[in-house]
Amino acid sequence: AAKAMAAKAMAAKAMAATASSTSFHLSARANLGFRRLKTSTSAAEASPSSSASKLTHVLATASRAGYGRRRPSTVPDCEPATAEEIASLASFISSKERLLVITGAGCSTESNIPDYRSPTGAYSSGFKPMTHQDFLKTEANQRRYWARSFVGWRRFAEQTAPNDAHRAIAELQRESNVWRLITQNVDRLHQVAGAADVLELHGSTHDVQCLACGAVSCRRRLQRRLADLNPRLAAAADDAIDPRSGEAPYDDGATPPSVSLDSGTPNLRTRPDGDVELDGELVVDFVVPPCEKCNRGPLKPAVVFFGDGVPAATAEEARRMSDGCDGVLIVGSSVSTFSAFRLVRDAHERGVPVAVLTCGWTRVDEMASVKVEKLAGEVLPRVVERLRREELWGF
């Protein structure tokens, strides 16, 4: 017993010496999102209990700041935010009575959904999305779009989940820090996270619209119809599911993608709107059903394609939000599309202050009084925490 007690005492002494005289480091590959963290403690203050407590505090603080977190390959490279940046965003939000939040693709990259314009986005690989005009031009284009979207839907809609940015925005809304919420995203993750009254500026892939009669239907129902009409492609997509994880294949940024589903298990390169790179006989022969209501078509996802315009009613509602707000917060967007840019521009021209939280350049940088170039999912939870503390304790 005496030997055991002596061993425990020596272990505690060694832990104290190590914690007090050395620096603690977290470092790993940048593409996994790790960042180097270095903290030092004074040897004069060290004791077994105080050193362990300090180490626990350091680890907890580092985790909240974003150190050591595994980031998806869809996330651009950003350093964790500083305390000053968190404070500036919290101050901006708390000073507004009618804050308009506008989100973009950068809000969903941490949910493993790629964006278009970041250094790791779809445009970086030479991808060109199908335009509205291309979709309408030929039935072959429509078959190609729906075949790609059919295969990509499982990962895009069924295997993605809200991240900390979506959850934090929902919490800000519930706690009356957000007046109105507009998203340019088509993934509907804000609603899944609990946000209410979300204006989908560019529509949603979860809805399907008939271009002949205007009827809107559920995408999941169409997905089942597509599977029934295209059993070979449905079977090939099912065969590609990882039996261990139950997940659809996904481009990890390192493994070369297969050329088609015909050649075996693919490594599918998912795109921001949920479709995948796909070619081959199964695409040419893909069958798209007509509208269930009018038996015509074509059917199109209820989203605003490139080259298309925002529906008039949606644009008018967004304009009213811009006219009525007393502050605009951009989250995860370069604001490159004019439909979003004009909302910020019009508010700014009225003297409304603008804040930006996103990695990289935006079209409204010169309008912003606050700019934080960090990841929304790592920043917003800390902003929520600070606002709650200020509400409770006043500092």
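Further up the page is the structure itself.
Residues numbered from 1 in each chain as written. Predicted model: local features only at pLDDT ≥ 70, side-chain atom pairs only at ≥ 80, totals over all residues. Heavy atoms only, no water.

Q: So what's going on with helix α8 (residues 219-229)? Residues and values would help.
A: Looking only at α8, the buried set comprises Arg219, Leu222, Gln223 and Leu226. Down the axis, α8 shows its buried residues gathered within 105 degrees of arc, on one side only. Exposed residues pointing more than 90 degrees away from the buried face of α8 are listed as Arg224 and Asp228. Close packing links the buried residues of α8 with α5 (139-158), β6 (203-210), β7 (216-218) and β8 (299-303). (Buried < 20%, exposed > 50% of the residue type's maximum accessible area, 1.4 Å probe, protein only. Helix = DSSP H or I, 4+ residues; strand = E, 2+ residues; numbered from the N terminus. Arc of directions from axis to C-beta. Contact = heavy atoms within 4.5 Å.)

Q: Explain the pattern of salt bridges residue by residue, including any values.
A: Scanning the entire structure with this criterion turns up 17 salt bridges. In this structure, Arg221 and Glu292 form a salt bridge, with 2.7 Å as the shortest nitrogen-oxygen distance. Here Arg221 is found in helix α8, whereas its partner Glu292 is found in the loop between α10 (281-284) and β8, with 71 residues between them in sequence. Of the residues examined, Glu292 reaches a relative accessible area of 47% and is grouped as partly exposed. (Salt bridge = Lys/Arg side-chain N within 4 Å of Asp/Glu carboxyl O.)

Q: Kindly report on unusual backbone geometry, identifying the contributing residues and their values.
A: The omega angle of the peptide bond from Gly297 to Pro298 is 5 degrees, so this bond is cis rather than trans. Unusually for a residue other than glycine, Ser176 sits at a positive phi of about 65 degrees. By the secondary structure assignment, Ser176 is in the loop between α6 (164-174) and β4 (180-183). The phi angle at Asp197 is positive, at roughly 50 degrees, despite the residue not being glycine. Structurally, Asp197 is set in the loop between α7 (189-192) and β5 (198-200).

Q: Which residues make up the state of the cysteines, and what values do they have?
A: Under the criterion given, the structure shown has one disulfide. We note that Cys291 lacks a disulfide partner, and the nearest cysteine sulfur, in Cys213, lies 3.8 Å from it. By relative accessible area, Cys291 is classed as buried at 7%. (Disulfide = S-S within 2.5 Å.)

Q: How would you sum up the packing of aromatic side chains? Please name residues and give values.
A: For the structure shown, the criterion picks out six aromatic pairs. Arranged with centres 5.5 Å apart and planes meeting at 80 degrees, the rings of Tyr145 and Trp146 form a pair that is edge-to-face. Between Phe338 and Phe341, the aromatic rings sit 6.3 Å apart at their centres with planes inclined by 40 degrees, giving tilted as the arrangement. Residue Phe338 and its partner Phe341 are both found in helix α12 (residues 338-349); the two are separated by three residues, about one turn of the helix. By relative accessible area, which is 11% here, Phe341 ends up buried. Here the aromatic residues Phe135, Tyr145, Trp146 and Phe305 are joined through ring pairs into a cluster of three or more. Residue placement shows Lys96 over the ring face of Phe92; its charged tip is 4.1 Å from the ring centre. The residue whose ring lies beneath Arg363 is Phe341, and the NZ or CZ to ring-centre distance is 4.0 Å. (Phe/Tyr/Trp six-rings, centres within 6.5 Å; stacked < 30°, edge-to-face > 60°. Lys NZ or Arg CZ within 6 Å of the ring centre and 35° of its normal.)

Keep in mind that these numbers describe shape and distance, not what the molecule does.
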